[in-house]
Amino acid sequence: MSRATRADINLSALKHNLHVARANTQANIMAVVKANAYGHGMVEIARALSTTDGFAVATIDEAMDLRESGVYQPILILEGFNRVDDLRLVYAYDLQCVIHNEQQIEILEKYKPTVSEKGLKVWLKIDTGMHRLGFSPQQVSTMYQRLLSCNIVQQPVHIMTHLACADDKDSNFTNLQIKCFTESMEALSLGEDSHISVANSAGLMAWPDAHANSHWVRPGIMLYGSSPVMQSNADQFDLKPVMTLKSEVIALHDIKKGDGIGYGQSYVCEDNIKVATIAIGYGDGYPRHAQTGTPVLINGKQYPLIGRVSMDMITVDVSPAKKLKIGDEVILWGEGLSADVIAEHANTISYDLFCGVTQRVPFYYSHAG
Ligand SMILES: *Cc1c(COP(=O)(O)O)cnc(C)c1O
């Protein structure tokens, strides 16, 4: 690899973060590895998380890849299936499905199973306020009964919901969702062996009531080392960054006061400054909307990004640096510079940054630290 730009994935940090999740709940852990494990590489991440109790993904294709890579734990498809043909795959790969709309129940009711197809494991999703997937509290008992009447569905039927605002400690919405979920469940008079699941990372770390009675939690972002809660940082939760995005200095220039830098000349130097050009841009997944002032870590010190992010490069004001030279390593986010901080400067969230790293960037996996 001739270009220095790379993503280092620290699998020891990942395992550490799984321990943090375990230490904060009695429930089983369903590690969320959708979207290529939040851009970290699903198969490698799943292998490193071999001690988790289960996995969750968004799609059947993701679940199939996971199974084919040797995962033996339960795998839950968070969006379930959409058509009859999908259901064949769900059986063939021994997958669990979220049931969130009536179409899915109709498919189950009409389905003609082969002799080997039985005992489909399903999770009925209650919409407790997110209004994205799931049945309203009014619908849920009818749907529950219909599922119980499907002879291809394995009993018990499990019950879940998803929290919309758990990352905001000041919002009361999570309490309302928990209350709604509890009441809806009581109305179902579930069997004792039905499993329940509510909490994502934020629910796990910030809302004990969201998993006090759960069999499963579904952490995603915290496993990758970002803070699950707004206005908190990962250190406060003892979470370690898994991805470190790196590049190097490829040019250094002294630029005069009054000169502009980069496309649109949007940044005009207020002084004579020293500018380092770094080999990373939005073509690698560095956010194009990172503002002037976004920190960049070079030789252990932070310097501000200046001017527009281009496809292959960014420019940084390194005026205070004494010994900086071409070839010096640069950290864009990860160890020493949280992706949460970069996300804030780019008006997004770390999930988006991780998922956005492009194919041009080679990934290196290690157990360092
Ligand atoms: C993505 C997702 C999660 C994980 O959320 P994090 O905020 O990354 O912890 C949990 N449950 C569902 C239904 C999801 O879609």
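Residues numbered from 1 in each chain as written. Predicted model: local features only at pLDDT ≥ 70, side-chain atom pairs only at ≥ 80, totals over all residues. Heavy atoms only, no water.

A. Examining the site of the ligand more closely. Among the 13 residues in the neighbourhood of the ligand, the closest are listed as K34, Y38, S201, I221 and Y351. K34 has a polar side-chain atom sitting 2.7 Å from an oxygen atom of the ligand. Between the ligand and the protein, one listed contact pairs an oxygen atom with a side-chain N or O atom of S201 at 2.5 Å. Considered on its own, the ligand offers 390 Å² of accessible surface; in the complex 92% of this is hidden by protein. (Near = heavy atom within 4 Å. Polar contact = N/O pair within 3.5 Å; in protein donor to acceptor, adjacent residues only side chain to side chain. Areas by Shrake-Rupley, 256 points an atom, 1.4 Å probe, with all protein chains shown as cover.)

B. Molecular detail of the side chain of S350. In this fold, S350 is placed in helix α11 (residues 350–356). At 3.4 Å, the side chain of S350 forms a polar contact with the side chain of D340. (Helix = DSSP H or I, 4+ residues; strand = E, 2+ residues; numbered from the N terminus.)

C. Looking closely at unusual backbone geometry. Cis geometry is adopted by the peptide bond preceding P156, which originates at Q155 and carries an omega value of 0 degrees. Relative to the helices and strands, P156 is located in the loop between α7 (140–149) and β7 (158–160). You will see that N299, though not glycine, has its phi angle at about 50 degrees, which is positive. Secondary-structure assignment places N299 in the loop between β14 (295–298) and β15 (301–306).

D. Seen up close, the domain arrangement of the chain. Along its sequence, the chain is organised into domain 1 (11–227) and domain 2 (243–366). Of note, the centres of domain 1 and domain 2, computed from C-alpha atoms alone, are 38 Å apart. The interface is formed by twelve residues belonging to domain 1 together with nine residues belonging to domain 2. With both sides pooled, the region where domain 1 packs onto domain 2 buries about 960 Å², and carbon together with sulfur makes up 60% of that total. The largest per-residue losses of area from domain 1 upon contact with domain 2 belong to Y38, H40 and I221, which jointly make up 44% of the total buried on that side. Seen at the junction of domain 1 and domain 2, the total is zero salt bridges. (Domains from an automatic or database assignment. Contact = heavy atoms within 4.5 Å. Buried area = accessible area lost by both parts, 1.4 Å probe. Salt bridge = Lys/Arg side-chain N within 4 Å of Asp/Glu carboxyl O.)

E. Representation of helix α1 (residues 11–23). If you check α1, its first and last C-alpha atoms are 18 Å apart, about what 13 residues at 1.5 Å a residue would give, namely 18 Å. Those residues of α1 that sit buried are L11, S12, A13, L14, H16, N17, L18, V20 and A21. Those residues of α1 that are buried lie in contact with β1 (6–10), β2 (28–32), α3 (42–48), α9 (201–206) and β18 (363–366). (Expected span 1.5 Å × (residues − 1). Buried < 20%, exposed > 50% of the residue type's maximum accessible area, 1.4 Å probe, protein only.)

F. Main features of the pairing of β1. With four of five residues buried, β1 lies mostly within the body of the structure. In this sheet, β18 lies alongside β1 in parallel orientation, the contact comprising four bridges. In the strand pairing of β18, D8 is matched with Y364. (Pairing = 2+ DSSP bridges.)

G. Region of interest: the nonpolar core. In terms of nonpolar packing, the biggest core is built from 120 residues, with V33, L108, Y286, I298, I314 and W333 touching the most fellow members. Top contributing element to this core by residue count: α1, with six residues. Residue-level mapping places this core at the junction of two domains, with at least three residues from each of domain 1 (11–227) and domain 2 (243–366). With residues up to four places along the chain from it excluded, the contact list for I298 reads V249, I278, Y303, V316, V318, L324, D328, E329 and V330. Formed by seven residues, the second largest nonpolar core is a distinct cluster that contains I261, Y267, C269 and I306. (Core = buried A, V, L, I, M, F, W, Y, C linked by side-chain atoms within 4.5 Å.)

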